Amino acid sequence: MLALVTGAAGFIGSTLVDQLLTQGWDVRGVDRFTAYYEEAAKRANISAASASPRFQLIEADLLHADAGPLLTGVDVVFHLAAQPGVRLSWSDGFSLYNDLNVNVTQRLLEACRDHPTVSRVVYSSSSSIYGLAPAFPTPESSPAQPHSPYGVTKYAAELLCRAYHDNFGVPATSLRYFTVYGPRQRPDMAIHRMIESARTGQVFPLFGDGTSIRDFTFVDDVVRATIAAATAPKAIGAVMNVAGGGSIDVARLLELVGSTVGSPVQYQRQDHQAGDVPETGGDITKALAILNWTPAVSLEEGIIRQVGWHATRSPCH
């Protein structure tokens, strides 16, 4: 089986690449190495994969590159490439989010339409599409009401997957990831910054009063669900939550990170940020039924693993 992984050098993408290679897949990875964070960190993410003869890295910008040749011989497309983050998606930043999250997805789906040998397109969506959800844990039937431009672009890409499936038979499925963490986590993400704060004494900016609740999902669990979606017969055309069941408020998370590192997280309160929501939590009944998937790594164990990664990182990270 040959997989195309977009965003292959990213946090989740590189972890997916490694697991696919372990399972015997051949992998063609694509990444444009955006300046969102250090390129050296992303290249370190795929250093082990690059040593495998079954991995090919192509540096390309999917907004402009011809996606057709990238799909030659490909069985499954894992589309993880995206511009992440809520806070930068406002104002002038929206144009970039629209290009990289919506237009790139449309161009890739159009190319898949012309390659009927592609048996599955797995799109990495986000819990951000729910916005101010009315119920927790939130089922997929809950109305999509994104609370940020980032969430709008992720939902728009989901709708494109549905449109290409319904009209042209593109075998797409969308997975709504809930706050992913673990080794290789992006440096802008909260747990990464909390751990670095506890390790170095630098101040962590706490937006709001610490009562916000997030459902954290360990990266290995996310990757298991993503690979399962590539072959599960009933996944085609479906939208599913991938959530870790590790809902915790930020104040308690600060304590957990501090106790795991062995020193407290120094923080300074900041104003609530536009686009942030008070709570996230995903109902995974559908993923269990279709993918036979449930999360295996507890938040406590996952934090231990991520702290261990931070302790062994090279200076480039």
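The structure displayed is predicted, hence computed values, not measured ones.

About the cut-offs
Residues numbered from 1 in each chain as written. Predicted model: local features only at pLDDT ≥ 70, side-chain atom pairs only at ≥ 80, totals over all residues. Heavy atoms only, no water. Pairing = 2+ DSSP bridges. Helix = DSSP H or I, 4+ residues; strand = E, 2+ residues; numbered from the N terminus. Axes fitted to C-alpha atoms, helices over the stretch in contact; angles between N-to-C directions. Parallel < 35°, antiparallel > 145°, perpendicular 65-115°, else oblique. Left-handed = near helix turned anticlockwise from the far one by under 90°. Contact = heavy atoms within 4.5 Å. Nonpolar A, V, L, I, M, F, W, Y, C, P; charged D, E, K, R; others polar. Salt bridge = Lys/Arg side-chain N within 4 Å of Asp/Glu carboxyl O. Buried < 20%, exposed > 50% of the residue type's maximum accessible area, 1.4 Å probe, protein only. Phe/Tyr/Trp six-rings, centres within 6.5 Å; stacked < 30°, edge-to-face > 60°. Lys NZ or Arg CZ within 6 Å of the ring centre and 35° of its normal. Core = buried A, V, L, I, M, F, W, Y, C linked by side-chain atoms within 4.5 Å. Lys, Arg positive; Asp, Glu negative; His and termini not counted. Polar contact = N/O pair within 3.5 Å; in protein donor to acceptor, adjacent residues only side chain to side chain.

Colleague: Please clarify how the sheet that holds strand β9 (residues 213–218) should be interpreted in this entry.
Modeller: Pairing between the strands of a sheet comes from backbone hydrogen bonds, and it takes one of two forms, parallel or antiparallel. With mixed pairing, three strands are arranged side by side in an open sheet as β7-β9-β11. Each end of this open sheet is capped by a strand with a single partner; those strands are β7 (180–181) and β11 (246–249). Of the pairings in the sheet, the one linking β9 to β11 comprises four bridges and is antiparallel in character. Its bridge partner lying in β11, D215 is registered against S247.

Colleague: Honestly, the packing of helix α6 (residues 190–200) against helix α8 (residues 250–261) in this entry has me stumped. Any pointers?
Modeller: The relative placement of two packed helices comes down to the angle between their axes together with the axis-to-axis distance. In the contact formed by α6 and α8, the axes pass within 9 Å of each other and the chain directions differ by 45 degrees. The pairing of α6 with α8 is recorded here as oblique in orientation. For the pair α6 and α8, the crossing hand works out as right-handed. Contacts from I191, M194, I195, A198 and R199 of α6 reach α8 at V250, L253, L254, V257 and V261. Partitioned by chemical class, the residues of the contact of α6 with α8 number nine nonpolar, no polar and one charged.

Colleague: Help me out: how do you make sense of the pattern of salt bridges in this one?
Modeller: As a working rule, side chains carrying opposite charge can pair if their charged atoms are close by. In the structure shown here, the tally under the stated rule is 14 salt bridges. A salt bridge links D18 to R184; the shortest N-O distance between them is 2.7 Å. Here R184 lies in the loop between β7 and α6 and D18 lies in helix α1 (residues 11–22), a separation of 166 residues in the sequence. Note on accessibility: D18 and R184 belong to one class, buried.

Colleague: Just checking my understanding: could you explain the packing of aromatic side chains for this structure?
Modeller: One pair of aromatic rings is described through two measures. These are the centre distance and the angle between the planes. A full pass over the atoms with the stated rule returns six aromatic pairs. The structure contains a cluster of three or more aromatic residues connected by ring pairs, namely Y181, F216 and F218. Over the aromatic face of F168 sits the side chain of R113, whose NZ or CZ is 3.7 Å from the ring centroid. Over the ring of W309 we find R313, and its NZ or CZ is 5.1 Å from the ring centre.

Colleague: Help me understand the nonpolar core in this model?
Modeller: Here is a general trend for soluble globular proteins: nonpolar side chains tend to be buried in one another's company. I12, L20, F78, L291 and I303 are the most contacted members of the largest nonpolar core, which totals 63 residues. Of all hydrophobic cores here, the second largest spans 27 residues; its members include V30, Y123, A157 and V170.

Colleague: Looking at this model, I keep getting lost on the sheet that holds strand β6 (residues 172–177). Mind explaining?
Modeller: Spatial ordering of the open sheet is given by β3-β2-β1-β4-β5-β6-β10, a layout of seven strands whose pairing is parallel. The two strands at the open ends of the sheet, each matched to only one other strand, are β3 (55–59) and β10 (239–242). Each strand of the sheet is rotated relative to its neighbour by a mean of 20 degrees, with strand direction disregarded. When strand β5 (residues 120–126) meets β6, the two strands line up parallel, connected through six bridges. Looking at β6, one finds that Y123 is bridged to S174. Along the sheet face, α1 touches β1 (2–6), β2 (26–31), β3, β4 (76–79) and β6 and points at about 170 degrees away from the line of β1.

Colleague: Explanation requested: the side chain of E140 in the structure shown.
Modeller: Residue position: E140 is located in the loop between β5 and α5 (149–168). Despite being buried, E140 has no salt bridge partner; K286 is the closest side chain of opposite charge, sitting 5.3 Å away. Among the polar contacts made by the side chain of E140, one reaches the main-chain amide nitrogen of N241 at a distance of 2.7 Å. Once you skip the residues sitting within four places of it in the chain, E140 turns out to touch Y130, R176, V239, M240, N241, D283 and K286.

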